[in-house]
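# Structure assessment
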Amino acid sequence: MSTQQGGRFFFNVDWITILIYVALCTIGFVNIYASIYNPDTSTLFNFGSNYGKQLIFILTALVLGFSILLLDAKFFSVFSPIVYGITMLLLMAVLVVGRKVAGNQAWIPLGSFRLQPSELAKFGTALLVARYVGNFNPKFRDIKSIFFAGLIICFPLLLIMLQPDTGSALVFLAFMFPLYREGLSGYFLLIFLGMIVLFIADFLVPISILIPIIVLVGVFFAWQNKRKQKMMFSMIIATIVAVAYLFFVKLAYEKVLEPHQRTRIEIMLGLKTDPKGAGYNVIQSKIAIGSGQITGRGFLEGTQTKYGYVPEQSTDFIFSTIGEEWGFVGCSVVIGLYIFLLLRVINLAERQRSTFSRVYGYCVASIIFFHVFINIGMTIGIIPVIGIPLPFISYGGSSLWSFTVLLFIFLKLDSNRMGFI
């Protein structure tokens, strides 16, 4: 790289986003250190501990990120099918040689390190979705374009469900939002929200009452549109599908979900209380966050954190450490950083000259938003515990590297937006 090229490189890269990234990684390291702190054995550079390993993960992630910035931007579009294919092969390999942890066969052991292919599949899928939309310019008004986009997204989702890792699989639903930005009908978002409402109603309302309600609503709207045959027919089909969906939910709930997953859903909906079992994590997490009040108990002073009351506190429940030791102020800073990051990425995506870069940018924002919303929702008890990490903050190499690659590919595309059309 020449001096002139190097100058353009440093000038074009969005350093504000990189500063937010570094801030979140730093917050993660500090709170991972606090979550497993032991005054008798804890030293800052104890590389055998989780916080020591996380420091290595952060340093290697920075090297990985800046290495991506040195690549040609067109590399990611040209090789996106290959990257997608490799991540799909890893997802298939984990079903054969993977190690089972907490009921999920989601990790490939590599010596002392464990690789989680489902994390890598996120940026692999984002690249191919962006390549498909960028190359073929589908308007998502016909079945063919929706089918091919759905195939790219659903293939890794189904492979991850076989592990079974429901939480990681659900993240792939976030790809619906970039497609909506590119022309997917808003009806699909309404259908998605309707499915969530019916899913919850299926547990709270007896099916003998729920089905007649759905049928009556369907008949009412069909009658209202009796002069529009196409609309009336659509309402009849929607009613039949909704009733079939209720039975499918029951079947999937009983035959597909693991017992601990069913219990978490029942606890979240208030159908069961299990303070010493499946509900223990959330209860302790809420106690930790609440005890932090406005400014927190102080660094290394959280009793819930210090005495290990919250399980998985350095990974899925890291936000409870932030809430207890840094309080409402600390939580607000972290959430504010995420909001700033998401708005920044969306703003950068909108200024892209290539469809590939724009779609990929929206994929990045959607995946990060989904993770942040679900993870924080888990820790405060408004969403079932499905075990997905808080981006850049939770402990874990696969997660941090995956999010780093996801973000820095977009930063590279943005830095080269004037030359990538």
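This write-up is about the structure you can find in this document. Throughout, residues of each chain are indexed from 1 in the direction in which the sequence is written. Given that this is a predicted model, residues contribute local features only at a pLDDT of at least 70 and side-chain atom pairs are listed and counted only at 80 or more, while totals for whole chains, interfaces and linings are drawn from all residues. Only heavy atoms go into the side-chain values, all of them from the structure, while hydrogens and water stay out.

### A word on the nonpolar core
This is how it is decided: In plain words, nonpolar cores are sets of buried Ala, Val, Leu, Ile, Met, Phe, Trp, Tyr and Cys residues tied together by side-chain atoms within 4.5 Å. Relative accessibility under 20% of the residue-type maximum defines a buried residue, over 50% an exposed one, and the middle range a partly exposed one, all with a 1.4 Å probe and only protein chains included. Secondary structure is summarised from DSSP: a helix means a run of H or I of at least four residues, a strand means a run of E of at least two, and numbering begins at the N terminus for each. Any pair of residues with heavy atoms lying within 4.5 Å of one another is described as a contacting pair.
Residues V129, Y360, F392 and I393 are the most contacted members of the largest nonpolar core, which totals 101 residues. Considering each element in turn, this core owes the most residues, 14 residues, to helix α17 (residues 355-379). With near-sequence residues (within four places) excluded, V129 lies in contact with I152, I153, F175, L179, V359 and C363. Counting 14 residues, the second-largest nonpolar core is a separate cluster that includes F203, Y245, L246 and V249.

### Topic: the layout of surface pockets
We apply this condition: The rule is simple: put a 1 Å grid over the protein atoms alone, call a set of points where a 1.4 Å probe fits but cannot get out a cavity, call an open set with protein on both sides within 12 Å along at least five of seven lines a pocket, and count a residue as lining if it has an atom within 4 Å of a point. Grid points are joined across faces, edges and corners, and a volume is the space filled by probe spheres set on the points. Lys, Arg, Asp and Glu make up the charged group, whereas Ala, Val, Leu, Ile, Met, Phe, Trp, Tyr, Cys and Pro make up the nonpolar group; the residues left over, Gly among them, are polar.
By volume, the second largest pocket amounts to about 890 Å³. I191, S234, M235, A238 and T239 are the residues nearest the centre of the second largest pocket, which is lined by 22 residues in total. At nine residues, the largest contribution of residues to the lining of the second largest pocket is made by helix α12 (residues 229-255). Considered class by class, the residues forming the lining of the second largest pocket number 18 nonpolar, four polar and no charged.

### With respect to the sheet that holds strand β2 (residues 104-110)
What counts is decided by this rule: Strand pairing is defined by DSSP finding a minimum of two bridges between the two strands. The convention used is that axes are lines fitted to C-alpha atoms, helices contributing only their stretch in contact, and that angles between N-to-C directions extend from 0 to 180 degrees.
Reading across the sheet, the three strands line up as β1-β2-β3 and stay open at both edges, with antiparallel pairing between neighbours. Where the open sheet ends on each side, the last strands, each with one partner, are β1 (99-101) and β3 (113-115). Shown here is a sheet whose adjacent strand axes are inclined to one another by a mean of 50°, direction ignored. Where β2 and β3 come together, three bridges link them in antiparallel fashion. Residue pairing across strands places I108 opposite L115, the latter belonging to β3.

### What to know about the pattern of salt bridges
Under the convention used in this document: Salt bridges are counted wherever a side-chain nitrogen of Lys or Arg sits within 4 Å of a carboxyl oxygen of Asp or Glu.
All chains considered together, the criterion is met by seven salt bridges. When the shortest N-O distance is used, the salt bridge between D14 and R344 registers 2.5 Å. In this pair, D14 is assigned in the loop between α1 (3-12) and α2 (15-35) and R344 in helix α16 (residues 318-350), connecting sequence segments 330 residues apart. According to the relative accessible area criterion, D14 is buried, its value standing at 5%. Taking the shortest distance from any N to any O, the salt bridge between E119 and K122 comes out at 3.0 Å. Of this pair, E119 and K122 both sit in helix α6 (residues 117-136), separated by three residues, roughly a single helical turn. Neither residue differs from the other here; E119 and K122 are each classed as buried. The structure contains a network of salt bridges with shared partners spanning R181, E182, E350 and R358.

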